[in-house]
Amino acid sequence: MSISPFVEEKRTAKTVDDIYQEMKEKLHDVVPDFELRYKAELVQKILELKEARNAVILGHNYMEPALFHTIPDFKGDSLELARRAATTEKDIIVFCGVKFMAETAKILNPDKTVLLPSDKAGCSLAESITAQDVRRLKMRFPGVPVVTYINTYAAVKAESDICCTSSNAVKVVESFQTETVIFLPDEFLARNVARETGKHIIFPVVRNGRWDWPLEDTELDYQMIGWRGRCEVHEKFSMEDVENARRQFPDVVVLAHPECPPEVVEAADFSGSTTAMVRYVEHSSARRFLLLTECSMGDNIIAANPDKEMVRLCSVRCPHMNQITLEDTLKALQLNRYVIDVPESIRIRALRAVQRMLEIG
Ligand code: 13P
Ligand code: SF4
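Now for a look at the structure at hand. (Residues numbered from 1 in each chain as written. Chains lettered and ligands numbered in written order. Predicted model: local features only at pLDDT ≥ 70, side-chain atom pairs only at ≥ 80, totals over all residues. Heavy atoms only, no water.)

Points about the nonpolar core
Residues Phe-183 and Leu-292 are the most contacted members of the largest nonpolar core, which totals 110 residues. Formed by 13 residues, the second largest nonpolar core is a distinct cluster that contains Val-134, Val-144, Val-146 and Trp-227. (Core = buried A, V, L, I, M, F, W, Y, C linked by side-chain atoms within 4.5 Å. Buried < 20%, exposed > 50% of the residue type's maximum accessible area, 1.4 Å probe, protein only.)

Looking at the site of ligand 2
If you check the shell around ligand 2, you find Tyr-62, Cys-123, Ser-124, Leu-125, Asn-151, Cys-231, Val-233, Glu-259, Cys-318, His-320 and Met-321 and nothing else. Residues belonging to the shell around ligand 2 are distributed by class as follows: 7 nonpolar, 3 polar and 1 charged. (Near = heavy atom within 4 Å. Nonpolar A, V, L, I, M, F, W, Y, C, P; charged D, E, K, R; others polar.)

Looking at the packing of aromatic side chains
The final tally for this structure, using the stated rule, is 1 aromatic pair. The interplanar angle of 25° and the centroid separation of 4.5 Å between the aromatic rings of Phe-270 and Tyr-280 together place this pair among those described as stacked. On the criterion of sequence distance, the pair formed by Phe-270 in strand E13 (residues 270-271) and Tyr-280 in helix H14 (residues 274-283) is long-range, its members being 10 residues apart. A cation over a ring is seen here: Arg-37 above Tyr-20, with NZ or CZ 4.1 Å from the ring centre. Positioned above the aromatic ring of Phe-68 is the side chain of Lys-75, whose terminal nitrogen or guanidinium carbon lies 4.6 Å from the ring centre. (Phe/Tyr/Trp six-rings, centres within 6.5 Å; stacked < 30°, edge-to-face > 60°. Helix = DSSP H or I, 4+ residues; strand = E, 2+ residues; numbered from the N terminus. Lys NZ or Arg CZ within 6 Å of the ring centre and 35° of its normal.)

Brief notes about the side chain of Lys-157
With respect to the helices and strands, Lys-157 occurs in helix H9 (residues 154-158). Although buried, Lys-157 forms no salt bridge, and the nearest oppositely charged side chain, Glu-103, lies 5.3 Å from it. Polar side-chain contacts of Lys-157 include one of 2.5 Å to the backbone oxygen of Thr-152. Setting aside residues no more than four positions away along its own chain, Lys-157 makes contact with Phe-100, Thr-104, Ile-107, Ile-150, Thr-152, Cys-163, Arg-349, Ala-350, Ala-353 and Val-354. (Lys, Arg positive; Asp, Glu negative; His and termini not counted. Salt bridge = Lys/Arg side-chain N within 4 Å of Asp/Glu carboxyl O. Polar contact = N/O pair within 3.5 Å; in protein donor to acceptor, adjacent residues only side chain to side chain. Contact = heavy atoms within 4.5 Å.)

Encoded structure:
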């Protein structure tokens, strides 16, 4: 690909050394120096190509610090990035996140080319449910509205009435006039929403190798119907983690993502979306925090708030978010890969569910 004169101008405006110095200033506590030098070169090439190809880069809060603090035009949680994807006028959206996020961008802005830098960036929640599962649920509970977490693939969203994210799940559930809602697929997010909204929740049980519901012969007072999906990262955080941290650091403020087990969320001082947790740290006068979510986010917070101390449990990592590297983001722009497509018949139906969520907030 030839680089336009405009890009040449940009190249002379920001040298690798400029970028290295900026990165060093921000990231010296969280990225080793030898890595910074090498990554500064990648960053410069990505920034050039981003301009040349008229692309926008969206970066989820879980991206590794050298990527997160350099190349994205917009950073945030899944709701914020969906909004950015919907309104961009650039030709290409490079999504530094996972596949369900890139698909949501394509659903919202189908005329753009959406690129995901790795074809291995999935999500255990998105894998936990199929469109066929949702159709069976709708047959079992006719007329009950389906609320689907954004961490699902397009075909599942297409079977749903409305989507939600970790930042608006309670609001979305409360937006229904009906008493009962189906809430898919995250068991723990559902339990946390049920607790907050005061609803009684039921889950499928397995009988003779097939899933069924525990209310066949009874008139149970249920108001939420859940599913057994789990985030493979957040399900690993435990009460022991919270207790150990509080014992060792009595002043620690505990933050937990709502995909964590309910007892962990209840024991935490604050629970919210990834961006809500970032803002909480920024605005808090406390100094030390335990972050029960993907470990990279702690590095990103430290880089932006060097006066804060983040206690992290880095043995628990998201293998999907970690697929996205600067190397692969450069390749995505060079080779136009991996292109995210959603069949139009599915996209139109999924769009309804996503748009309803965006209207609610
Ligand atoms: P947020 O919407 O809070 O960024 O969460 C996305 C996610 O995948 C958390 O594991
Ligand atoms: Fe999916 Fe969990 Fe990774 Fe988020 S942290 S992308 S929910 S596996």
